[in-house]
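The residues making up each chain are set out below.
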Amino acid sequence: MHGLARSVWSEPAPPNPPKRVWRDWALVAVLVPAALLEGLFRPDLPWPALSTAITIALMPALLWRRSRPLLALAAPFAVNAVVNLFAGGAQVETWTMAYLLIVVYALLRWGSGREAAIGVAVVAGSLLLSLGLGRIAPSEVAGVFTVVFAVMALGVAFRYRARARLREIEQIKLLEREQLARDLHDTVAHHVSAMAIRAQAGLAMAEIPGAATDALRVIEAEASRALAEMRAMVHLLRYEGPAEPAPGIPFADLRELADHGRSGPAVEVEVTGDLDGLPTSVEAAIYRIAQESVTNARRHARNATRIEVRAEAGATAVRLRVSDDGEHVPRTASSGYGIVGMAERAGLLGGTCQAGPDPGGGWTVTAELPRKAS
């Protein structure tokens, strides 16, 4: 039990909380008129002016409930407790103050373990104080605690759901790095093997004029390619363990994605540009991104009749565009992590990969990789 308490106490806050957005201001803009109307038309409110003023004055806590969740919770509850003590136990809370439940949720969702523990103690103390002052009837205690506990449980559930999702995304990224590292490893092994064979041939034909020189030129070229691939490898993380070799995938093999005979939308492929001298890692990345994009289009594009794959090898970069003409269906990461993997693979090679809906319908994936992978 002591270990569990220490683990909760030392748990960090979730990373990258959302910044203040227009919805937060819209929420406050809706609550202010609601508090004013309640103060004007609620007949059983003891001090309507004071109650309304306090309700509105505490609303800014909603704007920093993610960045400073403990302060956003402690300040309203502390002010409430002090005001109620000076009011002699009179009921000065408005119904509009139910927005404090949002602050309670935010504390469990975005606060650190220490902040959450302190905040829960503050909420419990405030509820007990209300019970002692008679502002909560004994018959209402179970209902009030149930509602507060449900809000807290909801915050905890969303907190750990987001953490599990983050772990899944990191796992996808690591697997993509592992696959890319294997591709690069196999490429380097090929170049080194070619160097060894050429060196043996040069030694065997050393007596023939010019044969050794030719062999050395080939060895130099293979060594340059291997060195370039190895520079890319040092940027990657890889799990240790045996793996099956992954053969290189030539850039021109994109044409194999065209398949007009199978059911579903037809795939049209166009490959242009200078294909000579492309790094194997770039060729493999473009092929895998295109393959994943075509698979996603077949799976998600409703009523699609055509999938277009356009790839161009330029002087400095290789560009890919995969689009379909299907009906746009929202494709979030909860339906798969293919987009995450494609973006990770492109990023590891110094490029970019983006996916999103077209204004006129359909879905488009674009990728751009430098001709010389970083």
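What you see is a predicted model, and the numbers here were worked out from it, not measured in a lab.

A word on unusual backbone geometry
- Of note, Asn-16 is a non-glycine position whose phi angle comes to about 50°, a positive value.
- Turning to its location among the elements, Asn-16 is positioned in the loop between helix H1 (2-9) and helix H2 (22-41).
- You can call Asn-16 exposed: its relative accessible area is 72%.
- Unlike most non-glycine residues, Asn-303 shows phi in positive territory, near 60°.
- With respect to the helices and strands, Asn-303 occurs in the loop between helix H9 (280-300) and strand S2 (306-313).

Concerning the pattern of salt bridges
- The tally for this structure, following the rule as stated, stands at 12 salt bridges.
- Note that Arg-42 and Glu-38 form a salt bridge whose closest N and O atoms lie 2.8 Å from each other.
- Since its relative accessible area comes to 11%, Arg-42 is described here as buried.
- The buried category is assigned to Glu-38, whose relative accessible area is 9%.
- Taking the shortest distance from any N to any O, the salt bridge between Asp-274 and Arg-371 comes out at 3.7 Å. Within this pair, whereas Asp-274 is found in the loop between strand S1 (266-273) and H9, its partner Arg-371 is found in the segment after strand S5 (363-370), the two being separated by 97 residues in sequence.
- The class of Asp-274 is partly exposed, set by a relative accessible area of 42%.
- Beyond isolated ion pairs, a larger network of salt bridges with shared partners links Glu-11, Arg-159 and Arg-163.

Conventions and cut-offs
- Residues numbered from 1 in each chain as written.
- Predicted model: local features only at pLDDT ≥ 70, side-chain atom pairs only at ≥ 80, totals over all residues.
- Heavy atoms only, no water.
- Helix = DSSP H or I, 4+ residues; strand = E, 2+ residues; numbered from the N terminus.
- Buried < 20%, exposed > 50% of the residue type's maximum accessible area, 1.4 Å probe, protein only.
- Salt bridge = Lys/Arg side-chain N within 4 Å of Asp/Glu carboxyl O.

Treat this as a map of the structure, not an account of what it does.
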